[in-house]
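The residues making up each chain are set out below.
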Amino acid sequence: MTAVVISGTGIYQPPFTITNAELVASFNAYVEQQNALHADAIAAGTREPLTPSSVEFIEKASGIKQRYVMDKEGILDINLMYPRFKERSDDELSLMAEIAVDAARKAMAQAGKTGQDIDAVICSSANMQRAYPAMAIEIQQAIGARGYGFDMNVACSAATFALEQAVNAIRSGSATCVLVVNPEITSAHQEWKDRDCHFIFGDVCTATIVERADTATAADQWDVLGSQLATQFSNNIRNNFGFMNRSEDSDPLARDKTFRQEGRKVFKEVVPVAAAHIETQLAKLSLEPTQVRRYWLHQANQSMNQLVIRKLVGQEPTADLAPLILDEYANTASAGSVIAFHQHRADLQSGDVGVICSFGAGYSVGSLVLRKR
Ligand code: COA
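The rules we used
- Residues numbered from 1 in each chain as written.
- Predicted model: local features only at pLDDT ≥ 70, side-chain atom pairs only at ≥ 80, totals over all residues.
- Heavy atoms only, no water.
- Pairing = 2+ DSSP bridges.
- Helix = DSSP H or I, 4+ residues; strand = E, 2+ residues; numbered from the N terminus.
- Axes fitted to C-alpha atoms, helices over the stretch in contact; angles between N-to-C directions.
- Contact = heavy atoms within 4.5 Å.
- Parallel < 35°, antiparallel > 145°, perpendicular 65-115°, else oblique.
- Left-handed = near helix turned anticlockwise from the far one by under 90°.
- Nonpolar A, V, L, I, M, F, W, Y, C, P; charged D, E, K, R; others polar.

Some thoughts on the sheet that holds strand β7 (residues 204-212)
Here nine strands make up an open sheet; going across it, the order is β5-β4-β6-β7-β1-β8-β13-β12-β11 and the pairing mixed. The outermost strands of the open sheet, each flanked by one partner alone, are β5 (148-152) and β11 (294-297). Pairwise comparison of adjacent strand axes, ignoring direction, gives a mean angle of 25 degrees for this sheet. Two elements, strand β6 (residues 177-184) and β7, share eight bridges in a ladder whose sense is antiparallel. Across the sheet, residue V178 finds its bridge partner in β7, namely V210. On the sheet, helix α11 (residues 336-343) packs against β1 (4-12), β6, β7, β8 (222-231), β11, β12 (353-360) and β13 (364-372) and is oriented at approximately 100 degrees with respect to β1.

With respect to the environment of H198
On the secondary structure map, H198 appears in the loop between β6 and β7. A sequence separation of 50 residues divides H198 from Y148, and the C-alpha atoms of the two residues are 37 Å apart. Other than its neighbours up to four places away in sequence, H198 contacts L23, V24, F27, S53, I58, Q190, E191 and W192.

Here we look at the packing of helix α1 (residues 20-37) against helix α3 (residues 55-62)
When two helices pack together, their arrangement is given by the angle between the helix axes and by the axis-to-axis distance. Between α1 and α3, whose axes approach to 9 Å, the crossing angle comes to 130 degrees. Taken together, the axes of α1 and α3 are oblique relative to one another. The chirality of how α1 crosses α3 is right-handed. Of the residues in α3, those touching α1 at N20, A21 and V24 are V55, I58 and E59. Taken together, the residues of the contact of α1 with α3 sort by class into four nonpolar, one polar and one charged.

Listed below in structure tokens is the structure:
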């Protein structure tokens, strides 16, 4: 079987930061505005008042302290509460492609690759900016890559599922060097007016180079020992935005057209699935969870990751075993585990084994077991 390695990663980090304090101040001003506007209905008992958010709750419940965003002003403006982007003409590089190209160039530099070395581009994220042409093909052209490109979406597992497609393409011979990009402009599908989830997401883009081991020249290479994907249908994380909204005469601004979730149920249902998934995959490779030097887990909730690790290794997780990046980046949909891998692998030694694992909407779980060369 063709040996496949990950030979480079890169990150695009958006220009603006929103702290929890800034976010809560804006949200609570919105609550006050709305409650004043609907004071009569609230007094008559025909409308429920909105309830304020709190920094303490957000940090305790999720571990998130801030997030990066592509636009700060629109999100914090209580008369908008969404990011505002300037519409671009068809001849300009689109926004998702722009951040993907930035992350891709960094990953390519790390892997020592030029556009000509890349013969497949997979753009995989929880939300695509348009239906077609595929974002991946625009990115392929912008970096001067050969071969083919396509888009895919498995929500929070979009990155790990794409990495497996890249590995399989190389093993089957349909590609030799694949660029996987995960542009996550989550701020545009986040519901900033909903107290239950207004703090969850942040924007970012990650990029990964996956190639045949015999073409890799990077100083830092990671053998892909195996990958495993699983899905199980659930409505607990859902977004009904889509091209049939018009035909259904449904309101494009209705609450169900942005992110919504039953967070508590997701937490309870996904933790055991993710832990069992990793354990089974490691067993197939004759590895015990305690032999894994590092877990680069999905970054949605700090306690969720701690529970997954406790189930796997039977002890309290440390930042060394399962680093967290969600305090700084928040939940970046599919990109979280790749950011953790990007930022927390330099100290590992040749022969060390690590696991990248995502879990979330679908439900979906995807994992890759890697070993440093
Ligand atoms: N500020 C203050 N209080 C809040 C709040 C806010 N922003 N949002 C909710 N609360 C309150 C609730 O009203 C509730 O109050 P009650 O106990 O009086 O009814 C209480 O806090 C607990 O709410 P709950 O929604 O049960 O919180 P939680 O502990 O489950 O934490 C999440 C919420 C979203 C952080 C957590 O469930 C989670 O991260 N789940 C996993 C989600 C996930 O992985 N999703 C994948 C997405 S891609």
